[in-house]
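So the chains spell out like this:
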Amino acid sequence: MRLDKFLSQQLGISRSLVARELRSGLVTVDDVIVKSGAFQVTTDHEVAYDGNVLVQVTGPRYFMLHKPQGYICSTDDPTHPTILYFIDEPLAQKLHSAGRLDIDTTGLVLLTDDGQWSHRITSPKHHCEKTYRVQLSDDIANGVAAQFEQGVMLNGEKTVTKPAKLEIISPRDVRLTISEGRYHQVKRMFAAVGNHVCGLHRERVGEIWLDDSLEPGEYRPLTEAEINSINVSRK
């Protein structure tokens, strides 16, 4: 990779600003000042800017985050804090969430810089299941599980939802598994049967479950088995 492209990615600045920094002699490669943006950087090189070594990222990355309330699943937002606040990784801004959660929804968020991998999760044709723990304002009515299994019509939609599995833990505490990602789908499904969601927590995406050891705001890399579960199950 060209040095100017590498610096632009690492520093988050334009190529023209990179050229200025290079001319100023602030960039070294293996402790030697390099002023040419055309210099070819390899993984064996140690590149530093103003004395600070820049970590080279090689290969795709995959993480799970326990998202707390009050953060949005975006890389940049002018009014709300984003989930990248919790990610202490080189080039964290290159990561994106594979399926978003609302600002008030907690739980499992998968982050990656592998677009094809995340597409297997978010594309409707792959029917990737997601499981949510749902807190309700009113007791769950009789027959709702059967309604969800048959599909319900959401306000403003033209087709019913795909079959969903409802597990009743207590009258106001349920677990719902869906295989779609319609806008605010879980909340709208319960609204369609006359109830209201007052707490929503995602537990699972595909075969990946939220790690019980992660506190809200904590994250960890996915295991090879977790990464491959998406690759295998969505082919």
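Residues numbered from 1 in each chain as written. Predicted model: local features only at pLDDT ≥ 70, side-chain atom pairs only at ≥ 80, totals over all residues. Heavy atoms only, no water.

- The name recorded for the protein chain in an unreviewed UniProt entry is Pseudouridine synthase, from Providencia huashanensis.
- The record in UniProt for the protein chain states the following under Function (unreviewed entry): "Responsible for synthesis of pseudouridine from uracil-516 in 16S ribosomal RNA."
- Comment text from UniProt for the protein chain, heading Catalytic activity (unreviewed entry), reads "uridine(516) in 16S rRNA = pseudouridine(516) in 16S rRNA". (UniProt positions renumbered as here; feature names shortened; annotations may be inferred.)

**Quick word on the overall build of the protein chain**
1) Next: Broken down by element type, the protein chain carries 6 helices and 13 strands.
2) Next: For a compact globule of 235 residues, the expected C-alpha radius of gyration is about 18 Å, and the protein chain comes in at 22 Å, more than 25% above that figure.
3) Next: Looking at the 235 residues of the protein chain, the share that counts as buried comes to 46%.
4) Next: If you sum the accessible surface of the protein chain, you get close to 12,500 Å²; carbon and sulfur atoms cover 49% of it.
5) Next: Computed over 27 positive and 31 negative side-chain charges, the separation of the two mean positions in the protein chain equals 8 Å. (Helix = DSSP H or I, 4+ residues; strand = E, 2+ residues; numbered from the N terminus. Rg over C-alpha atoms; globule rule 2.2 N^0.38 Å. Buried < 20%, exposed > 50% of the residue type's maximum accessible area, 1.4 Å probe, protein only. Areas by Shrake-Rupley, 256 points an atom, 1.4 Å probe, with all protein chains shown as cover. Lys, Arg positive; Asp, Glu negative; His and termini not counted. Charge placed at Lys NZ, Arg CZ, Asp CG, Glu CD.)

**Brief notes about the nonpolar core**
1) Next: Counting 32 residues, the largest nonpolar core has Val134, Phe148, Leu176 and Phe190 as the members making the most contacts within it.
2) Next: Secondary structure elements with two or more residues in this core: β5 (62-67), β7 (106-112), β8 (130-136), α4 (144-150), β10 (173-178), α5 (185-192) and β11 (197-205).
3) Next: Excluding residues within four positions of it along the chain, Val134 makes contact with Arg172, Asp173, Val174, Leu176, Val186, Phe190, Val197, Gly199 and Leu200.
4) Next: Residues Ala98, Leu108, Val205 and Leu210 belong to the second largest nonpolar core, which totals 15 residues. (Core = buried A, V, L, I, M, F, W, Y, C linked by side-chain atoms within 4.5 Å. Contact = heavy atoms within 4.5 Å.)

**A short note on the sheet that holds strand β1 (residues 27-29)**
1) Next: Sheet architecture is open: 4 strands sit in the order β2-β1-β3-β4, paired in antiparallel fashion. The two strands at the open ends of the sheet, each matched to only one other strand, are β2 (32-33) and β4 (52-54).
2) Next: Relative to strand β3 (residues 47-49), β1 runs antiparallel, the two being bridged by 3 bridges. Paired with Thr28 across the strands is Ala48, a residue of β3. (Pairing = 2+ DSSP bridges.)

**Examining the side chain of Thr131**
1) Next: Among the structural elements, Thr131 can be located in strand β8.
2) Next: For Thr131, the side chain forms a polar contact with the side chain of Thr177, separated by 2.9 Å.
3) Next: In this structure the side chain of Thr131 is engaged in a polar contact, spanning 3.0 Å, whose partner is the side chain of Arg204.
4) Next: Each residue touching Thr131, except ones within four places of it in the same chain, is listed here: Arg175, Leu176, Thr177, His201, Arg202, Glu203 and Arg204. (Polar contact = N/O pair within 3.5 Å; in protein donor to acceptor, adjacent residues only side chain to side chain.)

**What to know about the pairing of β8**
1) Next: Where burial is concerned, most of β8 is hidden: 5 out of the 7 residues are buried.
2) Next: Sheet topology note: the β8/β10 ladder contains 6 bridges and is antiparallel. Each bridged residue has a counterpart across the sheet, and for Lys130 the counterpart in β10 is Ile178.
3) Next: In this structure, β8 lies alongside β11, joined through 7 bridges in antiparallel fashion.

**What about the layout of surface pockets?**
1) Next: By volume, the largest pocket is sized at about 480 Å³.
2) Next: Elements supplying a minimum of two residues to the lining of the largest pocket: α3 (115-122), β8, α5 and β11.
3) Next: Of the residues forming the lining of the largest pocket, the biggest block, 3 residues, is contributed by α5.
4) Next: When its volume is computed, the second largest pocket comes out at roughly 210 Å³.
5) Next: Around the second largest pocket, the lining comprises 14 residues; the ones closest to its centre are Met1, Phe6, Gln9, Val57 and Leu91.
6) Next: Each residue belonging to the lining of the second largest pocket can be placed in one class, and the counts come to 5 nonpolar, 6 polar and 3 charged. (1 Å grid on protein atoms, 1.4 Å probe; cavity = no way out; pocket = protein on both sides within 12 Å on 5 of 7 lines; lining within 4 Å. Points joined across faces, edges and corners; volume = space filled by probe spheres on them. Nonpolar A, V, L, I, M, F, W, Y, C, P; charged D, E, K, R; others polar.)

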